[in-house]
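Residue-level structure breakdown
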Amino acid sequence: MKKNRLPPEMILFIGDDEVTVRYDYDPGENQWFDARAGVGSPGYPAEAWITEINLGNGFVDPDECKGIDLDALNDQLLERICDLEAAEQGERDEAEYRAWRDDMDLLSKRDA
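Let us look at the structure shown here. Given the structure is predicted, the values throughout are model-derived calculations rather than measurements. Every chain's residues receive numbers from 1 upward, in the order its sequence appears when written. Whole-chain, interface and lining totals are the exception, using all residues; otherwise, since this is a predicted model, local features are given only for residues with pLDDT of at least 70 and side-chain atom pairs are given and counted only at 80 or more. Excluded from the side-chain calculation are hydrogens and water; included are all heavy atoms of the structure.

**So, the overall build of the protein chain**
Numbering goes from the N terminus for both helices and strands, where a helix is a DSSP run of H or I of at least four residues and a strand is a run of E of at least two. Within the protein chain, the regular secondary structure consists of one helix and six strands. Reading the secondary structure of the protein chain in the N-to-C direction produces β-β-β-β-β-β-α. Just to be clear, the radius of gyration here is over C-alpha atoms, and the globule rule we use is 2.2 Å times residues to the power 0.38. The C-alpha atoms of the protein chain give 21 Å as radius of gyration, which overshoots the globular expectation for 112 residues (13 Å, by more than 25%). Projected onto the principal axes, the alpha-carbon positions of the protein chain cover approximately 70 × 40 × 20 Å. Buried residues in the protein chain amount to 18% of all 112 residues. Note on classification: 1.4 Å probe, protein chains only; a residue is buried when its accessible area is under 20% of the maximum for its type, exposed when over 50%, partly exposed between these limits.

Here it is in structure tokens:
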């Protein structure tokens, strides 16, 4: 299972104002099907939802924050999470490539 490295709180913006949110996140699932067994999953997209929000006076339930576009904040949150996961995947890809390159260097030295 992939270790979750996302921060438990994130700073988002309402206009120029910073707000801190706590959230839950479901990374979703890719669509898959195993024809031999006849089973699969239609897949579902990633989803994030704000569980608490701090507008500067402590964390409260988002439903208590009147006049705030929670859908826009959730979209902003999901976008930030996707950016963090993409950066993390890029780091893993780079580390895997470096390991492969090091292996190829060792093999070429051994064969020389």
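More follows now that the structure is in view.
**Overview of the pattern of salt bridges**
Salt bridges, as used here, are contacts in which a Lys or Arg side-chain nitrogen is within 4 Å of a carboxyl oxygen on Asp or Glu. Enumeration over the complete set of coordinates arrives at five salt bridges. Across the salt bridge formed by Glu52 and Arg22, the nearest N and O atoms sit 3.1 Å from each other. One end of the pair, Glu52, is in strand β5 (residues 47-54); the other, Arg22, is in strand β2 (residues 17-26), and 30 residues separate them in sequence. Glu52 gets classed as partly exposed once you look at its relative accessible area, which sits at 27%. Each of Glu9, Arg22 and Glu52 takes part in a single network of salt bridges with overlapping partners.

**Some details on the sheet that holds β2**
What links the strands of a sheet is backbone hydrogen bonding, and the strands pair in either a parallel or an antiparallel sense. The pairing criterion is simple: DSSP has to find at least two bridges between the two strands. Here we have four strands laid out as an open sheet, ordered β1-β2-β5-β6, and antiparallel in their pairing. Strands at the two margins of the open sheet, each flanked by one partner only, are β1 (9-14) and β6 (59-60). Bridge count for β1 against β2 is six bridges, and the pairing is antiparallel. Across the sheet, Phe13 pairs through a bridge with Glu18, a residue of β2. Packing against the sheet, helix α1 (residues 70-111) makes contact with β1, β2 and β5, and its axis sits at approximately 130° to β1. Pairs of residues are marked as contacts when any of their non-hydrogen atoms sit within 4.5 Å. Simply put, an axis is a line fit to the C-alpha atoms, just over the touching stretch for a helix, and the angle between two N-to-C directions goes from 0 to 180 degrees.

**What to know about the nonpolar core**
The criterion is simple. A nonpolar core is a set of buried Ala, Val, Leu, Ile, Met, Phe, Trp, Tyr and Cys residues joined through side-chain atoms within 4.5 Å. Ranked by internal contacts, the top residues of the largest apolar core, which has 15 residues, are Val21, Ile53, Leu77 and Ile81. When contributions to this core are tallied by element, the ones reaching two or more residues are β1, β2, β5 and α1. The biggest single contributor to this core is β2, with four residues. When residues no more than four places from it in sequence are discounted, the contact partners of Val21 are Pro8, Glu9, Met10, Leu12, Ile50, Glu52, Ile53, Phe59 and Leu77.

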